[in-house]
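# A closer look at the structure
In case you want the letters, here they are:
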Amino acid sequence: MLLAYDQLLAEGYLDSAVGSGTFVAANLPDDGLPKSRQRPSSDPAASPHAVSRAAVAAQAAFAQAVGFRGQAPTYDFQYGVPNVLDFPHELWRRLLISAARRRSAKILAYAHPSGVPELREAVARYVRQARAVACSAENILIVNGSQQALDLVARTLCDPGDRVVIENPHYSGARNAFSVAGASLVPVPVDRGGLSVETGEQIVSDAKLIYVTPSHQFPTGAIMPLARRIALLNWAEALGAYVVEDDYDSEFRYLGRPIEAVQALDTKGRVIYVGTLSKTMFPSFRMGYMVLPTALVEAFCAMKYVNDRHSAILQQQALAMFLSEGHFERHVRRSRVRNAARREALIASLRRHFGDRVQIADENSGLHLLVWFPDLTAQETPALAQAAEKLGVGVYSVAPYFIGDPGGCGLVLGYAALEPPGIDAGIALLRRGWDRVTTQ
Ligand SMILES: Cc1ncc(COP(=O)(O)O)c(C=O)c1O
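In short, a report on the structure. Because the structure is predicted, anything quoted here is derived from the model rather than measured.

A separate point is the packing of aromatic side chains. All chains considered together, the criterion is met by 15 aromatic pairs. Ring centres 5.5 Å apart and planes at 35 degrees place the aromatic pair Phe-282 and Phe-285 in the tilted group. In this structure Phe-282 comes out as buried when scored by relative accessible area, which is 15%. By relative accessible area, Phe-285 is classed as buried at 4%. For the ring pair Phe-322 and Phe-328, a centre distance of 6.3 Å and an interplane angle of 75 degrees mean the geometry is edge-to-face. Exposure class is identical for Phe-322 and Phe-328. Each is buried. Taken together, the ring pairs in this structure connect Phe-87, Trp-92, Tyr-126, Phe-282, Phe-285, Phe-322 and Phe-328 into an aromatic cluster. Here Arg-309 stacks its cationic end above the ring of Tyr-110, 4.1 Å away from the centre of that ring.

Quick look at the layout of surface pockets now. One water molecule sets the probe size; rolling that probe over the atoms shows where empty space is left. By volume, the largest pocket is sized at about 1300 Å³. Put simply, the parts of the chain that give the lining of the largest pocket at least two residues each are helix 2 (53-63), helix 6 (145-157), helix 7 (172-180), helix 13 (381-390) and strand 15 (396-397). Per-element tally for the lining of the largest pocket: the top contributor is helix 7, with five residues. Each residue belonging to the lining of the largest pocket can be placed in one class, and the counts come to 22 nonpolar, 14 polar and four charged. The computed volume of the second largest pocket comes to approximately 360 Å³. Every residue lining the second largest pocket is counted, 19 residues in all, and those nearest its centre are Ala-130, Ser-250, Glu-251, Pro-258 and Arg-336. Among the secondary structure elements, those contributing two or more residues to the lining of the second largest pocket are helix 5 (117-131) and helix 12 (327-354). Classifying every residue of the lining of the second largest pocket by side-chain character gives seven nonpolar, six polar and six charged.

The next point concerns the pattern of salt bridges. Applying the stated criterion across every chain, the model contains 15 salt bridges. Connected via shared salt-bridge partners are Asp-86, Arg-338, Arg-342 and Glu-419.

Applying the stated rule across the entire model yields one cavity of 30 Å³ or more. The volume enclosed by the largest cavity comes to roughly 70 Å³. Surrounding the largest cavity, 14 residues form its lining, Pro-82, Asn-83, Lys-279, Thr-280 and Ser-335 being those nearest its centre. Its residues assigned to classes, the lining of the largest cavity comprises six nonpolar, five polar and three charged.

On to the packing of helix 3 (residues 89-101) against helix 11 (residues 313-324). Two quantities define a packed helix pair, namely the angle between the helix axes and the distance between the axes. Axis separation between helix 3 and helix 11 bottoms out at 8 Å; the angle between their running directions is 125 degrees. The orientation of helix 3 with respect to helix 11, classified from their angle, is oblique. In terms of crossing hand, the pair formed by helix 3 and helix 11 is right-handed. For the pair helix 3 and helix 11, the contacting residues are Leu-91, Trp-92, Leu-95, Leu-96, Ser-98, Ala-99 and Ala-100 in the first and Leu-314, Gln-315, Gln-317, Ala-318, Leu-319, Met-321 and Phe-322 in the second. Among the residues forming the contact of helix 3 with helix 11, the class breakdown is 11 nonpolar, three polar and no charged.

Right, let's get into unusual backbone geometry. The peptide bond linking Asn-168 to Pro-169 adopts the cis configuration, its omega dihedral lying at 10 degrees. Its location among the elements puts Pro-169 in the loop between strand 5 (163-168) and helix 7. With an omega of 5 degrees, the peptide bond between Phe-218 and Pro-219 qualifies as cis. By the element assignment, Pro-219 lies in the loop between strand 8 (209-212) and helix 9 (226-239). Of note, Arg-286 is a non-glycine position whose phi angle comes to about 50 degrees, a positive value. On the basis of relative accessibility, which here comes to 35%, the residue Arg-286 falls in the partly exposed class. Residue Arg-309 is not a glycine yet carries a positive backbone phi of 70 degrees. Position of Arg-309 among the secondary structure elements: in the loop between helix 10 (297-308) and helix 11. By relative accessible area, which is 36% here, Arg-309 ends up partly exposed.

Conventions and cut-offs
Residues numbered from 1 in each chain as written. Predicted model: local features only at pLDDT ≥ 70, side-chain atom pairs only at ≥ 80, totals over all residues. Heavy atoms only, no water. Phe/Tyr/Trp six-rings, centres within 6.5 Å; stacked < 30°, edge-to-face > 60°. Buried < 20%, exposed > 50% of the residue type's maximum accessible area, 1.4 Å probe, protein only. Lys NZ or Arg CZ within 6 Å of the ring centre and 35° of its normal. 1 Å grid on protein atoms, 1.4 Å probe; cavity = no way out; pocket = protein on both sides within 12 Å on 5 of 7 lines; lining within 4 Å. Points joined across faces, edges and corners; volume = space filled by probe spheres on them. Helix = DSSP H or I, 4+ residues; strand = E, 2+ residues; numbered from the N terminus. Nonpolar A, V, L, I, M, F, W, Y, C, P; charged D, E, K, R; others polar. Salt bridge = Lys/Arg side-chain N within 4 Å of Asp/Glu carboxyl O. Axes fitted to C-alpha atoms, helices over the stretch in contact; angles between N-to-C directions. Parallel < 35°, antiparallel > 145°, perpendicular 65-115°, else oblique. Left-handed = near helix turned anticlockwise from the far one by under 90°. Contact = heavy atoms within 4.5 Å.

So far we have only geometry, and geometry alone does not tell us how the molecule works.
Here it is as structure tokens:
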């Protein structure tokens, strides 16, 4: 009872005066709050001039986003979703609790934008050892996933109208960040070795940035050979441009020696390296890192500060422990084995149900396959996706990743979230959908 009084006093509902007792407060704390309505009845539609050009571009990008539909299909081959059940959730919970127990000002107050020192050290050790990236903790900036890294790159290095080279096809998250910043995109074709540097040299004479996914080109899967990596660095040097190396899924290489990052070959401070934990841990974690050339560290830190001050400290502390105690490496090793099995299951299933009616771009790494269906045209891809959806299968066209015509019917099939029996059941149904479209 006394506790209840104390609570009401603390919240301002009661007043107490020594010698005269406790009374209901004359001014209740909620008095004066306007009565809320769910939505102002006269809410006007936003005029096209109400929002910035950047917001108009962002709305156009968001309208293309997949993954927000109400009910997920039974067999969903959506790219970009790892198998969240592979993740050691119990261990992660313990690390979060252990970080939360340290009730120091270090955890609870505002912090430096670059990230907590233990995590920057742990990330620097990891990228040096796993990707041969040349760096120290001072070069690391902790960010909220690669998407924030790309946004920071665009804001820190581009003024409206600056030219940015992107792969064609390319990761739409990068295109969104650069185009919303007002950059002028220059698509350069991709071949079996990734971005065609030779073509780029012929068609581009001026650019601020060159965005690439050299260890596993998104979405084609091409791996950039060494000679081309060197040519890319020379080209960037000649243009005075920075290379943005998006190393989004390099942990998942299933055969052969890992290839070192382009950043490892850079002697001129031209490469901005971007890594994410969305594929190895889980996407809602929203954590990633950048390895910046020393000359850019200050400008990026300042931009991160303006953007969101810094990434969440509790998560950073837990991640530092996850990395430095060896859990991350063990988890990646285990999920690599599982994802390799899922990949093999998908290839076997495509072969079983489609024979040579599919062409598979297969480079033995990553979490998705790009699959072409030569009997269908690019214009028939939506019909194939719709036929599959009616049968409970989610498949996604490659077309949104192209500027211009993809040149055929292609699907990006993410397999990490499914297990082999589900993969086979889904591909069997996709074949039924394909039969319907081709016999129409
Ligand atoms: C090329 C590429 N970069 C980055 C990401 C990851 O983005 P984020 O770290 O923002 O989740 C993805 C995932 O879909 C990707 O395909």
